[in-house]
Amino acid sequence: MSLWAKLQQLPGDALQQVRGMYGEHFPIEVRHFMAPWIEEKMWTDIDPDNPQHEQYATNLVTSMIQELETKANSMISNNDLYLTKLKLMEAANMFRQRYSQSPLNLFRIMKHCLNNEMKLLHQIETVGGGMHYQGLITDTNAAEIIQQLESFRNNTLETGEELRQIEQEQESFALQCHDCSKLNAHITHLLTLENTPQNLELQRTYRSKKEALDLQLNQK
């Protein structure tokens, strides 16, 4: 019997503890519908912090997202499965957006959830259903902390990108102001010269360029 199938047979309080392991960081629907694949692929001896295992863990996450999309697309959109199909598709999109740059974080969350499941099942089988799971609750919260840290990291990256864009815009604005000043100087100088056809043509050219620059500057 699979690990997930055994967990479904736990008493109510323990089953509630299983549900508590999952959330936005890793929806329980993904665990349920991907149970055979996850348990087959998620080797507990794989260490994402080991450089020799890093590529395998990364490939595993990529494969899981693809498998999740395949599973969702294969579901018949009837009344019973429509919401589940949407949930799985949303989860796949969320995984891609949130973990595309850091797939090992998703692997750690998945492994952490599986380890907690096995720990809970072992406690139930060894001690019985009347025990408390305070230690396991603490472990479960660790997955949420990992997710929060990942969210903070992504926010930091986005803020850094916004700052770079602002700096580029400021630099562009300064250059355009400098060009505008140069054009003003050219026009002022031409006004002191004789109104030859060549000078008049230069004045028109410089004025046209200045008007275009003024328009760009006013739009910033």
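What counts and what doesn't
- Residues numbered from 1 in each chain as written.
- Predicted model: local features only at pLDDT ≥ 70, side-chain atom pairs only at ≥ 80, totals over all residues.
- Heavy atoms only, no water.
- Patch = residues over 30% accessible without salt bridge, like charges linked within 9 Å, V, L, I, M, F, W, Y side chains within 5 Å.
- Areas by Shrake-Rupley, 256 points an atom, 1.4 Å probe, with all protein chains shown as cover.
- Salt bridge = Lys/Arg side-chain N within 4 Å of Asp/Glu carboxyl O.
- Buried < 20%, exposed > 50% of the residue type's maximum accessible area, 1.4 Å probe, protein only.
- Helix = DSSP H or I, 4+ residues; strand = E, 2+ residues; numbered from the N terminus.
- Polar contact = N/O pair within 3.5 Å; in protein donor to acceptor, adjacent residues only side chain to side chain.
- Phe/Tyr/Trp six-rings, centres within 6.5 Å; stacked < 30°, edge-to-face > 60°.
- Expected span 1.5 Å × (residues − 1).
- Axes fitted to C-alpha atoms, helices over the stretch in contact; angles between N-to-C directions.
- Parallel < 35°, antiparallel > 145°, perpendicular 65-115°, else oblique.
- Left-handed = near helix turned anticlockwise from the far one by under 90°.
- Contact = heavy atoms within 4.5 Å.
- Nonpolar A, V, L, I, M, F, W, Y, C, P; charged D, E, K, R; others polar.

Draft legend 1. Representation of a nonpolar patch on the surface within the structure. A grouping of Tyr82, Leu83, Leu86 and Met89 is seen on the molecular surface, where their side chains present a nonpolar patch of about 370 Å² in accessible area. Relative accessible area serves as the criterion here: at 31%, Leu86 is assigned to the partly exposed category.

Draft legend 2. Region of the structure containing the pattern of salt bridges. One pass over the structure, following the stated rule, counts six salt bridges. Residue Glu39 is joined to Arg31 by a salt bridge in which the shortest nitrogen-to-oxygen separation is 2.9 Å. In this structure Glu39 comes out as partly exposed when scored by relative accessible area, which is 24%. Three or more residues joined by partner-sharing salt bridges are found here, namely Arg31, Glu39 and Glu117.

Draft legend 3. How the structure looks around the side chain of Glu117. Position of Glu117 among the secondary structure elements: in helix 7 (residues 103-127). Engagement of the side chain of Glu117 in a polar contact is seen with the side chain of Tyr22, the distance being 2.2 Å.

Draft legend 4. Representation of the packing of aromatic side chains within the structure. Under the defined criterion, the tally for this structure stands at four aromatic pairs. Ring geometry for Tyr22 and Phe26: centres 5.7 Å apart, planes at 40 degrees, overall tilted. You can call Tyr22 buried: its relative accessible area is 8%. A relative accessible area of 2% places Phe26 in the buried class. Measuring from centroid to centroid gives 6.1 Å for Phe95 and Tyr99, while their planes differ by 50 degrees, and the two rings are tilted. Here the residue Phe95 and the residue Tyr99 both occupy positions in helix 6 (residues 82-99), the gap between them amounting to four residues, near one helical turn. Tyr99 gets classed as buried once you look at its relative accessible area, which sits at 1%. Cluster of aromatic residues (ring-pair linked, three or more members): Trp4, Tyr22, Phe26, Phe95 and Tyr99.

Draft legend 5. Spotlight on helix 5 (residues 51-74). The terminal C-alpha atoms of helix 5, which comprises 24 residues, lie 35 Å apart, in line with the 34 Å expected from a rise of 1.5 Å per residue. If you check which residues of helix 5 are buried, you get Ala57, Thr58, Leu60, Val61, Met64, Ile65, Leu68 and Ala72. The residue sitting at the N-terminus of helix 5 and contributing the capping side-chain oxygen is Asn50; that oxygen lies 2.9 Å from the backbone nitrogen of Gln52.

Draft legend 6. Fine view of the packing of helix 5 against helix 6. For the pair helix 5 and helix 6, interaxial distance at closest approach is 9 Å and the crossing angle is 155 degrees. Here helix 6 runs roughly antiparallel to helix 5, going by the angle between their axes. Judged by the twist between their axes, the crossing of helix 5 over helix 6 is left-handed. On the side of helix 5, the interface is formed by Met64, Ile65, Gln66, Leu68, Glu69, Lys71, Ala72 and Asn73, while helix 6 contributes Lys85, Leu88, Met89, Ala91, Ala92, Phe95 and Arg96. Along the lines of polarity and charge, the residues of the contact of helix 5 with helix 6 split into nine nonpolar, two polar and four charged.

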